[in-house]
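Remarks on the overall topology
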Amino acid sequence: MKKLSDCPNGFLGTIAEVVGDFDRVHRLMDFGFNVGVPFELLGQAPLGGPLLVHLNGVVIAIRKREAECILINPRLP
Amino acid sequence: MYFNQPSFALIGPPNTGKTSLFNQLTGSHSRTVNYPGSTVDYLVGESQPKFGIPIKIIDTPGIYTLRPGSLDEEVTINFLERKSSVLVLENIIICLDITQYERHLPLVLQILSYGWPAIVALTMSDLLPKECVPDYLRSELEKRLGVPVVEVDGRARVGVEKLFEKMKTLSNSSFQVELSVPLNREEALFQAKKIIKELAQLKHVNSELQKNRTRLDQWVLHAYLGPIIFFLIMGSFFTAVFWLASPVMELIDQLVGGLGFLIHQNVHPKWVAEILADGVLTSFGAVILFVPQIFILFFGLNLLEDSGYLARAATLVDRPLSIVGLSGKAFVPLLSGFACAVPAIMAARTLRSSRERWVTVFILPLLSCSARIPVYTLLLSFLFFGDSPWKPGVYLALIYIGSMVIGALAAGILNWLLSSSKKVQSSLNKRSQTNHPRRFSAENIFLMELPVYRWPQWKSVFNGSFRRSGIYIKKAGPVIFCLAMFIWLGTHFPRGKENMSETQAMQSSYLGQLGQHMEPVFKPLGVDWRVGVGLLSAFAAREVFVSALAVVFDVTLKDDEAAVRGPLLKAMKEAQFSNGERIFTRASIIGLIVYFMFALQCSSTSAIAGKEMNSWKFAVLQFFVLNILAYVSASAVVHFL
């Protein structure tokens, strides 16, 4: 399945699964990365920084490493 | 004074306007309270008289979850679970950001399921698009959550009275609460989904708001413009901290000098006047001298935080900081470190990863704090005596950049040491396990919510800055004061005879004798015992070095403090070792600069580091490592130049 970290800018999708170690998964869920939630990948912060994800009305900056834990489905038009 | 008063705690996720609401309810009458066993503060205040009966209001650190990830989150959760011994919860107000209710509803349901008497305050309703009717959402939520829901706007003061009426009613009907086990996350998510589905009308709210938000971020987080904006904002921030504060600092200096003069004129006998004016008053001056800078620093930080830029700045520097093993979260403590390490160390408590926190607190004293400026200014103006005035400025900037580079290198090395050594790693984990029942992650996860841009609220920015400066005075003040007193006593006792000059008295004082005994120690630094006494005095506060030098080199201080530097520079030029060699050469001056760049001379920093890390071993280790590093590198510089 496709990872959030592999998505191009402007990608619309929904979260399919959050995988990884306990701490990471829980922290991601605390921030609203729950299964079924739609998101939009807005882009990347300057200097190769974190990814900017729009999720449930808020923009969240997330490192590539954490974005690799998030498996996604493309959103149907 | 708070006895028998009903109390309400404000609880909710970060950025939901808890503190705004707190300010509206209490006016500006509040105090920070220290949570025992840790150092996290929370705010307690009494409701404004205009509301009628007095109610105690508590502001708590924001939480994302009932599973604490950092020290400050743990405080709130301990309140909720009745694990806090000082503060017993009675009622709670849950703040729910109406524009993000989908995301925060599960947590609200979890908090409600404890069974506390609760009111839900819907905040940020002013951000909703016009076609939305918050009142509809309010009544629907009230039905489904089973507790009073009030729409408030902490900024525009709308709904605060209504909220207070509900609080009165609720506190009158208060009874002994039986706590139940909260919902687990999955259940809460499920229930929240159900509610959200029924309120589907609000679906479009988020996307509408979002457009507004991303428009500004296109500039602020632009690949090239972003860093430029960052440097412009940070540049003006630093300029403000130093240039705005300097007239106020001068004023404080003159006030202290003038008061001392008055005491000398009016108080007899002479030794009482000396103790009062030169000892007590000057030590007190050492404490408050840096308050203007610290206030401006906090003011700027609050301003950046309130407007929403701080989260963007942290996001922007996350990648560069990750090279040395830190994250964007460390940005605020590091930034504060350039004004004063004491509030900076306190700011490090928001760091989730125990390793990142350890490294950040350890390297903070390496960043050039403002107390070093008088020292650098003196040394640089000696080095460039008679040269064009821009030269010292350029070198001062170089010293700052150098301190950043050194700090970054140190962070990288420490991180490498900590991660490569299994033993340290496990002891770090064990320490965090024993100190905190729930282990905080040693792993570095950077997740940052970028809140909506808003105009800062001046009043709350002001209040917040006053409060935080107050914490500095309370925490660092006594330590700085006592040490300044101690050093002063050391340099003035035993008292010399009447006909002795100040320099001779200094020579025969305890600290003067110690300095002479320690002369061989100062030798590698290329200085004699007199400068050594200055270095020893600098352990009270770094800037004391300058005034101590003035005393040991017998520069007569007139009432006009500002004129010290000229005669002092002259005295330094003439200063010689007993064999006739000059003390202050290019090598020894650069050596001193290097020494001040590395050395941890600030006793309040050590005190705070020990308290905050909950480990005196840490403070002692930091003290010795940094001072030995300073000594060795300064000696090396002197040797090779």
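What counts as what
- Here the residue numbering is sequential within each chain, running from 1 through the sequence in written order.
- Both sets of labels track the order of writing: A upward for chains, 1 upward for ligands.
- Thresholds applied to this predicted model are a pLDDT of at least 70 for local features of residues and 80 or more for the giving and counting of side-chain atom pairs; totals over whole chains, interfaces and linings are not thresholded and use all residues.
- Only hydrogens and water are set aside when side-chain values are computed; all heavy atoms of the structure are taken into account.
- The secondary structure listing takes helices from DSSP runs of H or I that are at least 4 residues long and strands from runs of E that are at least 2 residues long, numbered from the N terminus.
- Accessibility here uses a 1.4 Å probe with only protein chains present; expressed as a share of the type maximum, an area under 20% marks a residue as buried, one over 50% as exposed, and anything in between as partly exposed.
- Here, two residues are considered to be in contact whenever any of their heavy atoms come within 4.5 Å of each other.
- Under the convention used here, a 1.4 Å probe and the Shrake-Rupley method define accessible areas, while residue burial counts only the protein chains that appear.
- Every definition here rests on a 1 Å grid over the protein atoms only: cavities are sets of points where a 1.4 Å probe fits but cannot get out, pockets are open sets enclosed by protein on both sides within 12 Å along at least five of seven lines, and lining residues have some atom within 4 Å of a point.
- Grid points are joined across faces, edges and corners, and a volume is the space filled by probe spheres set on the points.
- Under the convention adopted here, Pro, Cys and the residues Ala, Val, Leu, Ile, Met, Phe, Trp and Tyr are nonpolar, Asp, Glu, Lys and Arg are charged, and Gly plus all remaining residues are polar.
- pLDDT measures the predictor's confidence residue by residue and takes values from 0 up to 100.
- Here the nonpolar core consists of buried residues drawn from Ala, Val, Leu, Ile, Met, Phe, Trp, Tyr and Cys, with membership extended through side-chain atoms lying within 4.5 Å.
- What gets called buried area is simply the loss in accessible area from a 1.4 Å probe that two parts show on being joined, summed for both.
- For salt bridges, the criterion is a side-chain nitrogen of Lys or Arg within 4 Å of an Asp or Glu carboxyl oxygen.
- Definition of a polar contact: a pair of N or O atoms within 3.5 Å, with one able to donate and the other able to accept a hydrogen when the atoms are protein atoms, and with sequence-neighbouring residues admitted only if both atoms are side-chain atoms.
- At least two DSSP bridges between two strands are required for those strands to pair.
- The rule is short: rings of Phe, Tyr and Trp, with Trp giving its six-membered ring, pair when the centres are within 6.5 Å, and they are stacked under 30 degrees, edge-to-face over 60, tilted in between.
- Geometrically, a charge over a ring is one whose NZ (Lys) or CZ (Arg) sits within 6 Å of the ring centre while staying within 35 degrees of the ring normal.
- Helix axes use the C-alpha atoms of the stretch in contact, all axes being lines fitted to C-alpha atoms, and the angles between their N-to-C directions lie in the range 0 to 180 degrees.
- An angle counts as roughly parallel when it lies under 35 degrees, as roughly antiparallel when it exceeds 145, as roughly perpendicular when it falls between 65 and 115, and as oblique in every other case.
- The hand of a helix crossing depends on one turn: near helix anticlockwise from the far one by less than a right angle means left-handed, and clockwise means right-handed.
- Arc definition: directions from the helix axis to the C-beta atoms.

Overview of the overall build of chain A
For chain A, the count of helices and strands is two helices and five strands. For chain A, the proportion of its 77 residues judged to be buried stands at 61%. Residue pairs in contact within chain A that sit at least 24 positions apart in sequence constitute 59% of those at least 6 positions apart.

Digging into the overall build of chain B
Helix and strand content of chain B: 27 helices and eight strands. Across the 641 residues of chain B, 58% fall into the buried class. If you sum the accessible surface of chain B, you get close to 28300 Å²; carbon and sulfur atoms cover 64% of it.

Some words on empty space enclosed by the protein
Residue and element names in this part refer to chain B. Using the criterion set out here, one finds three cavities of 30 Å³ or more in the structure. Within this model, the second largest cavity holds a volume of roughly 210 Å³. Forming the boundary of the second largest cavity are 24 residues, of which Phe290, Cys340, Cys369, Ala371 and Cys602 lie nearest the centre. Mapped by element, the contributors of at least two residues to the lining of the second largest cavity are helix H13 (341-347), helix H18 (458-492) and helix H26 (603-612). For the lining of the second largest cavity, the class distribution of residues is 17 nonpolar, four polar and three charged.

Here's the deal with the confidence of the model for chain B
The predicted structure's coordinates, where accompanied by low pLDDT, should not be read in detail. Residue and element names in this part refer to chain B. For chain B, the mean per-residue pLDDT works out to 80, and 85% of the residues sit at or above 70. Averaged over each element, pLDDT in chain B is lowest for helix H17 (residues 422-435) (53) and highest for helix H27 (residues 616-640) (93). This model gives residues 558-563 a pLDDT under 50, and the stretch forms two contacts once residues within four places in sequence are excluded.

Let's talk about the nonpolar core
Residue and element names in this part refer to chain B. In terms of nonpolar packing, the biggest core is built from 137 residues, with Tyr472, Phe545, Met572 and Phe584 touching the most fellow members. For this core, the leading source of residues is helix H8 (residues 225-266), giving 10 residues. Core analysis: the second largest hydrophobic core is formed by 41 residues, Leu107, Tyr114, Leu137 and Ile195 among them.

A few points about the interface of chain A and chain B
Opposite the 34 residues of chain A that make contact, chain B presents 38 residues. Where chain A abuts chain B, roughly 3200 Å² becomes buried across the two surfaces, and 57% of that area is made up of carbon and sulfur atoms. There are four salt bridges connecting chain A and chain B. Between Arg63(A) and Asp318(B) there is a salt bridge, with its nearest N and O atoms 2.8 Å apart. Across the chain A-chain B interface, the total number found is nine residue pairs in polar contact (both at pLDDT 80 or more). Breaking the side of chain A that touches chain B down by element, the ones donating at least two residues are helix H1 (22-30), strand S2 (38-44), strand S3 (51-55), strand S4 (58-62) and helix H2 (64-67) of chain A. Counting residues per element, the side of chain A that touches chain B draws most heavily on H1(A), which supplies eight residues. Its residues assigned to classes, the side of chain A that touches chain B shows 18 nonpolar, nine polar and seven charged.

With respect to the pairing of strand S8 (residues 447-450) of chain B
Burial along S8(B) is two-sided: Leu447(B) and Glu449(B) and Met448(B) and Leu450(B), pointing in opposite directions, are all buried. Where S4(A) and S8(B) come together, four bridges link them in antiparallel fashion. Counted as the bridge partner of Val59(A) is Leu450(B) from S8(B).

Remarks on the environment of Val58(A)
Assignment of secondary structure puts Val58(A) in strand S4. Along the primary structure Val58(A) and Gly32(A) are separated by 26 residues, whereas in three dimensions their C-alpha atoms are 9.6 Å apart.

With respect to the packing of aromatic side chains
For the structure on display, the rule yields 21 aromatic pairs over all chains. Both rings, one in Phe31(A) and one in Tyr64(B), keep their centres 4.2 Å apart while their planes meet at 35°; by these two values the pair is tilted. With Phe31(A) in the loop between H1 and S2 and Tyr64(B) in the loop between strand S4 (56-59) and helix H2 (71-80), the pair connects residues from two separate chains. For the ring pair Phe295(B) and Phe462(B), a centre distance of 6.2 Å and an interplane angle of 35° mean the geometry is tilted. Of this pair, Phe295(B) sits in helix H10 (residues 291-307) while Phe462(B) sits in helix H18, placing them 167 residues apart in sequence. The class for Phe295(B) is buried, based on a relative accessible area of 17%. The partly exposed category is assigned to Phe462(B), whose relative accessible area is 38%. An aromatic cluster of at least three residues, connected via ring pairs, comprises Phe295(B), Phe299(B), Trp458(B), Phe462(B) and Phe466(B). Over the face of the ring belonging to Tyr453(B) we find Arg312(B), whose NZ or CZ atom lies 4.0 Å from the ring centre. Positioned above the aromatic ring of Phe382(B), the side-chain terminus of Lys573(B) is 4.5 Å from the ring centre.

Focus: unusual backbone geometry
At the junction of His268(B) and Pro269(B), the peptide bond is cis and its omega measures out at -5° in the coordinates. Structurally, the position occupied by Pro269(B) is in the loop between H8 and helix H9 (270-288). Positive phi, close to 60°, is recorded for Leu47(A), a residue that is not glycine. Relative to the helices and strands, Leu47(A) is located in the loop between S2 and S3. Even without being a glycine, Asn614(B) presents a positive backbone phi close to 55°. With respect to the element layout, Asn614(B) can be found in the loop between H26 and H27.

Observations concerning the packing of H18(B) against H26(B)
Residues and elements named next belong to chain B. One way to put it is that H18 packs onto H26 with a least axis distance of 9 Å and a crossing angle of 135°. Judged by the angle between their axes, H18 and H26 are oblique. With respect to the hand of their crossing, H18 and H26 are arranged in right-handed fashion. Across from Lys475, Ala476, Val479, Ile480 and Leu483 in H18, the residues of H26 making contact are Ser603, Ser604, Ala607, Ile608 and Glu612. Within the contact of H18 with H26, the residues separate by chemical class into six nonpolar, two polar and two charged.

Quick notes on the pattern of salt bridges
Within this structure, the stated rule accounts for 15 salt bridges over all chains. Residues Asp23(A) and Arg67(B) are paired through a salt bridge, measuring 3.8 Å at the closest nitrogen-oxygen approach. With Asp23(A) in helix H1 and Arg67(B) in the loop between S4 and H2, this pair bridges two chains. Among the residues examined, Asp23(A) registers a relative accessible area of 17% and is labelled buried. In this structure, Asp217(B) and Arg312(B) form a salt bridge, with 3.0 Å as the shortest nitrogen-oxygen distance. With Asp217(B) in helix H7 (residues 204-220) and Arg312(B) in helix H11 (residues 309-323), this pair connects stretches of sequence that are 95 residues apart. Residue classification places Arg312(B) among the buried positions, given a relative accessible area of 0%.

A closer look at the pairing of strand S1 (residues 12-18) of chain A
Residues and elements named next belong to chain A. Summarising the sheet, S1 and S2 pair through three bridges and their orientation is antiparallel. Bridge pairing in S2 places Thr14 opposite Pro38. Across five bridges, the pairing between S1 and strand S5 (residues 70-74) is antiparallel. Within S5, the position partnered with Ile15 by the bridge is Ile72.

Some points on helix H20 (residues 510-517) of chain B
Residue and element names in this part refer to chain B. Among the residues of H20, Leu511, Gly512 and Gly515 are the ones counted as buried. Projected down its long axis, H20 shows its buried positions confined to an angular sector of 105°, all on one face. Opposite the buried face of H20, by more than 90 degrees, sit the exposed residues Tyr510 and His517.

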